[in-house]
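Examining the three-dimensional arrangement
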Amino acid sequence: MTPRTAAASAAANWADFTTAEPALAATVEARFGAYTHHILATLRKDGSPRTTGLEVRFLGGELWLGMMPGSVKALDLRRDPRFALQANPGDGTGMGGGDVRIGGRAIEVEDPEKRAAYVKEVEPPEPFHLFRTELTEVVRTRVEEACLVVQVWQPGEPLRTVRRA
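Figured I'd write up the structure that's included with this text.

Calculation criteria
- Residues numbered from 1 in each chain as written.
- Predicted model: local features only at pLDDT ≥ 70, side-chain atom pairs only at ≥ 80, totals over all residues.
- Heavy atoms only, no water.
- Helix = DSSP H or I, 4+ residues; strand = E, 2+ residues; numbered from the N terminus.
- Salt bridge = Lys/Arg side-chain N within 4 Å of Asp/Glu carboxyl O.
- Buried < 20%, exposed > 50% of the residue type's maximum accessible area, 1.4 Å probe, protein only.
- Lys, Arg positive; Asp, Glu negative; His and termini not counted.
- Polar contact = N/O pair within 3.5 Å; in protein donor to acceptor, adjacent residues only side chain to side chain.
- Contact = heavy atoms within 4.5 Å.
- Core = buried A, V, L, I, M, F, W, Y, C linked by side-chain atoms within 4.5 Å.
- Pairing = 2+ DSSP bridges.
- Phe/Tyr/Trp six-rings, centres within 6.5 Å; stacked < 30°, edge-to-face > 60°.
- Lys NZ or Arg CZ within 6 Å of the ring centre and 35° of its normal.

**Looking at the environment of Glu-121**
By the element assignment, Glu-121 lies in helix α5 (residues 112-122). In this structure the C-alpha to C-alpha distance between Glu-121 and Leu-59, which are 62 residues apart in sequence, comes to 8.4 Å.

**Things to note about the pattern of salt bridges**
Applying the stated criterion across every chain yields a total of ten salt bridges. Arg-57 is paired through a salt bridge with Glu-55; the nearest N and O atoms lie 3.7 Å apart. Overall, the relative accessible area of 32% leaves Arg-57 in the partly exposed class. Take Glu-55: its relative accessible area is 36%, and that puts it in the partly exposed class. Between Arg-142 and Glu-144 there is a salt bridge whose closest N-O contact spans 3.1 Å. Judged by its relative accessible area of 17%, Arg-142 falls in the buried class. Under the relative-accessibility criterion, Glu-144 is labelled partly exposed at 29%. Connected via shared salt-bridge partners are Arg-50, Asp-76 and Arg-79.

**Observations concerning the side chain of Glu-62**
Among the structural elements, Glu-62 can be located in strand β4 (residues 62-67). No salt bridge is formed by the buried Glu-62. Its closest oppositely charged neighbour is Arg-132, at 4.5 Å. Among the polar contacts made by the side chain of Glu-62, one reaches the side chain of Asn-13 at a distance of 3.5 Å. Beyond its immediate sequence surroundings of up to four residues, Glu-62 is in contact with Asn-13, Trp-14, Arg-57, Arg-132 and Thr-133.

**A short note on the nonpolar core**
Of all hydrophobic cores here, the largest spans 26 residues; its most connected members are Trp-14, Phe-32, Leu-65, Leu-85 and Ile-102. Those elements that place two or more of their residues in this core are α2 (14-20), α3 (22-33), β3 (56-59), β4, α4 (72-79), β5 (82-86), β6 (99-108) and β7 (129-144). When residues of this core are assigned to their parent elements, the largest contribution, four residues, is made by α3. Look past the residues within four positions of Trp-14 in its chain and what remains in contact with it is Ala-25, Val-28, Glu-29, Phe-58, Gly-61, Glu-62, Leu-63, Ile-102 and Leu-135. Counting residues in hydrophobic clusters, the runner-up holds six residues, among them Trp-64, Tyr-118, Val-122 and Phe-128.

**Some points on the pairing of strand β9 (residues 160-164)**
As paired strands, strand β8 (residues 147-153) and β9 are joined by five bridges and run antiparallel to one another. Among the inter-strand pairings, Val-152 is bridged to a residue of β9, identified as Arg-160. In sequence, β8 turns back onto β9 through a hairpin of six residues, with Gly-156 there showing a positive phi of about 80 degrees.

**Remarks on the packing of aromatic side chains**
Here the structure, examined in full by the defined rule, presents six aromatic pairs. Summarising the aromatic geometry, the rings of Trp-64 and Tyr-118 are spaced 5.9 Å apart at their centres and angled 55 degrees between planes, so their arrangement reads as tilted. Residue Trp-64 is found in strand β4, and its partner Tyr-118 is found in helix α5; the two are separated by 54 residues along the sequence. For the pair formed by Trp-64 and Tyr-118, the shared burial category is buried. An aromatic cluster is defined as three or more aromatic residues linked by ring pairs; in this entry it consists of Trp-14, Phe-17, Phe-32, Phe-58 and Trp-153. The side chain of Arg-115 reaches across the aromatic face of Phe-128, ending 4.3 Å from its centre.

Right, here's the structure in full:
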C-alpha cells in the first residue's frame, strides 16, 4: 500500500480535522453555517449516486447528519456508509468563502447517551436517524486573483494547495 493509498483509507472526525487544519476547518464550518440546507450524495443499491438535501450540525468535535426515520438517504448510508457532502453555494455565483465539500463515511449512532446529548442541543423531531461522520477528504475551491485555488486535506497528509491559472 502506498502512502497516498494509506492516507485515502484513513478517516478522522471533525475534531481531528480542526486540530490538523484550524483555519481551513473554520472556513468550512462557516460555509456550512451560512445556509441551513446542503447537498448530500449517497449510493443507491445499484451503485449510482443519489443527491438529497440535508441539514448538518457541528457539535462536540463531530459533524452530525440527522435524518427522518426510514428516509432513503438513511437507508443508503446503512447499506454503504460512503458519502459526499457539499455546502450550499448560496444565491448567485459569488460563493463567498469558496466551494467546500466533505467526503467520508457515516456511522449510525444508536448509543442512548450520545443521542440524548444531540437531542438536547438540536431538538430534532423524533424519531430520527443520527449519523456521525468519519472524514476521508475535505476540499475547498475558490478563485483568487484570476486563479483557481484548490485546497485538499486528507487524514495523515499535509494540506495540499493547487493553483490553476
